[in-house]
Amino acid sequence: MLKKLITSSLLVAFVATTTLPVSNTAYAADAEKTQKKKKKRTKIVGPAVGKKVQKAFEAYSEDRIDEALEILLAIDASKEYDRAYVDRFIANMYATKGGEHSKTALKYLTKATEKVVLNEKEHSDSIKLLADLQMQEKMYKEALKNYADWMKFTGKEDAGTYTKMAQAYYELKQLDKMIDPANKAIALYEKAGKPNQNPFILKLTSYYERKLYPQSVKVLEDVVVLFPEKKQWWTQLGMFYTLVEDYKNALYTLELAYKQGFIEKESEIKMLANLYSQADVPYKSAKLLEKYIDSGVVKRTDQNMYMMANAFHAAQEVKTAAKYFGETAKLSNDAKHYRRQGMLLQQSEQYNAATVALQKAIDLGIDNKGRVYMTLAEAYFYQNKFKQATVAIKEAQKDPKTRKAARAWAGYIRDTAERKKKI
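Since the model is a prediction, treat every value here as computed from it, not as a measurement. (Residues numbered from 1 in each chain as written. Predicted model: local features only at pLDDT ≥ 70, side-chain atom pairs only at ≥ 80, totals over all residues. Heavy atoms only, no water.)

## Observations concerning helix 7 (residues 120-136)
With 17 residues, helix 7 extends 24 Å from end C-alpha to end C-alpha; this agrees with the ideal 24 Å at 1.5 Å per step. A positive backbone phi angle near 65 degrees is found at K138, which sits one or two residues after helix 7. (Helix = DSSP H or I, 4+ residues; strand = E, 2+ residues; numbered from the N terminus. Expected span 1.5 Å × (residues − 1).)

## Here's the deal with the nonpolar core
Counting residues in each nonpolar core, the largest one holds 72 residues, and the members touching the most others are W233, L288, M308, L376 and I393. Of the residues forming this core, the biggest block, 8 residues, is contributed by helix 21 (residues 369-381). Ignoring any residue separated from it by four or fewer positions in sequence, one finds L288 in contact with Y258, I269, L272, A273 and Y276. Counting residues in each nonpolar core, the second largest holds 33 residues, with V49, A59, F89 and I90 among its members. (Core = buried A, V, L, I, M, F, W, Y, C linked by side-chain atoms within 4.5 Å. Buried < 20%, exposed > 50% of the residue type's maximum accessible area, 1.4 Å probe, protein only. Contact = heavy atoms within 4.5 Å.)

## Concerning the packing of aromatic side chains
Overall, the coordinates contain 17 aromatic pairs when judged by the stated rule. When the ring of F57 is compared with that of F89, the centres are 6.4 Å apart and the planes differ by 55 degrees; the resulting orientation is tilted. Remark: F89 occurs in helix 5 (residues 80-97) and F57 occurs in helix 3 (residues 47-61); sequence separation between them is 32 residues. Note on Y94 and Y108: the rings are 6.1 Å apart at their centroids and 20 degrees apart in plane angle, and the pair reads as stacked. Linking Y94 in helix 5 with Y108 in helix 6 (residues 102-113), this pair joins segments that are 14 residues apart in sequence. Using a relative accessible area of 13% as the deciding quantity, one classes Y94 as buried. (Phe/Tyr/Trp six-rings, centres within 6.5 Å; stacked < 30°, edge-to-face > 60°.)

## Quick word on the side chain of E255
The residue E255 is located in helix 14 (residues 247-259) in this model. Using a relative accessible area of 18% as the deciding quantity, one classes E255 as buried. In terms of polar contacts, E255 uses its side chain to reach the side chain of K284, at 3.5 Å. When neighbours within four sequence positions are excluded, E255 is seen to be in contact with L272, Y276 and K284. (Polar contact = N/O pair within 3.5 Å; in protein donor to acceptor, adjacent residues only side chain to side chain.)

## Topic: the side chain of K203
Summarising the element assignment, K203 is placed in helix 11 (residues 197-209). Once residues lying within four places of it in the same chain are set aside, the contact partners of K203 are I179, A182, N183, I186 and V219.

## What to know about helix 10 (residues 179-191)
Each turn of an α-helix holds 3.6 residues, which means side chains three or four residues apart point in the same direction. Helix length check: helix 10 (13 residues) gives 18 Å between terminal C-alpha atoms against 18 Å at 1.5 Å per residue, within 8%. Turning to helix 10, the residues buried within the fold contact helix 9 (159-171) and helix 11. Downstream of helix 10 by a residue or two, G193 has a phi angle that is positive, lying close to 75 degrees.

Written out as structure tokens, the structure reads:
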């Protein structure tokens, strides 16, 4: 992009050096249009310098940059305009070479623009190129000055230039100063009917890094309206709504994004699932996770399986929750997960499977064993396995938290067994 700018600039400049003086008739016509502003005569380099410049330009046009530079560096220009013009051309050559030559380009371009001796277009292009090179060389303060000087000199406001100024303020860590040029860039782009994301990104960065989340949300709301086809803005807006604890709008935004096919990443799926759970819609949360765990988008880890099992439990899908707590337990080998599985199996009257899960939880050293032994005794009881139930209820009596209830259960188990002649 920079080379294209330089090439265009040089072409305009070279044409200016070969243009014949304007006729008196032309001056008269211009004078009528600009009565309040005196027309400046276009300057051209002297004949001797012009011939050498023409040779340099021909070499440049054929990509013989070093040869063009050799010609230009050998020119001894005594006139003020000629010297500034040649210095500008040399700067353009070094800028085209890029890399370590950019600093040399800066040196010559600074000399060319120290005094306003170039033609108006040449000088304005040079100031802008100087600012661009200074940005490239991380000379942000100097770049800001020259971008401002360029707009003052030309009397123009430019959206791209304001965007670069906002970027320069960011690099200088002057985050609050980013907003004004970003806003001006946004307004100019919109006035031209060509909205651009870049100043919005800079504005958002300024607010976010200063932890001004409500203002960040407003920026993203504007961006989603202007660029509804860009999926990243929808997910970011949803995330920022959660930062300001606006969970209703967060869910609405991400659900709408999901319906448009914009939700694809594991983190996004899990965020939407969490929002469904927070909004007391656990079944949607559970089914969403189930779909994407099965497809492989969400990894089948114990944490993700636990999240899904919890959602099914909250949705009163007891059998499905028990199934997934079992899968979670196999992945984690955590006693807590076996206990949850066992409790739910017991609740859904799958007593034999419940005893297996509950015993596994005990073997792995579950906390609050009294409660687990109580449930285990109950599972054995409903299978008419009174001996095992009696053993489990005796263990429950050892825990002070469940001792009283366990004693009552022990008597009931004994009475029932005697009545059924099972003991």
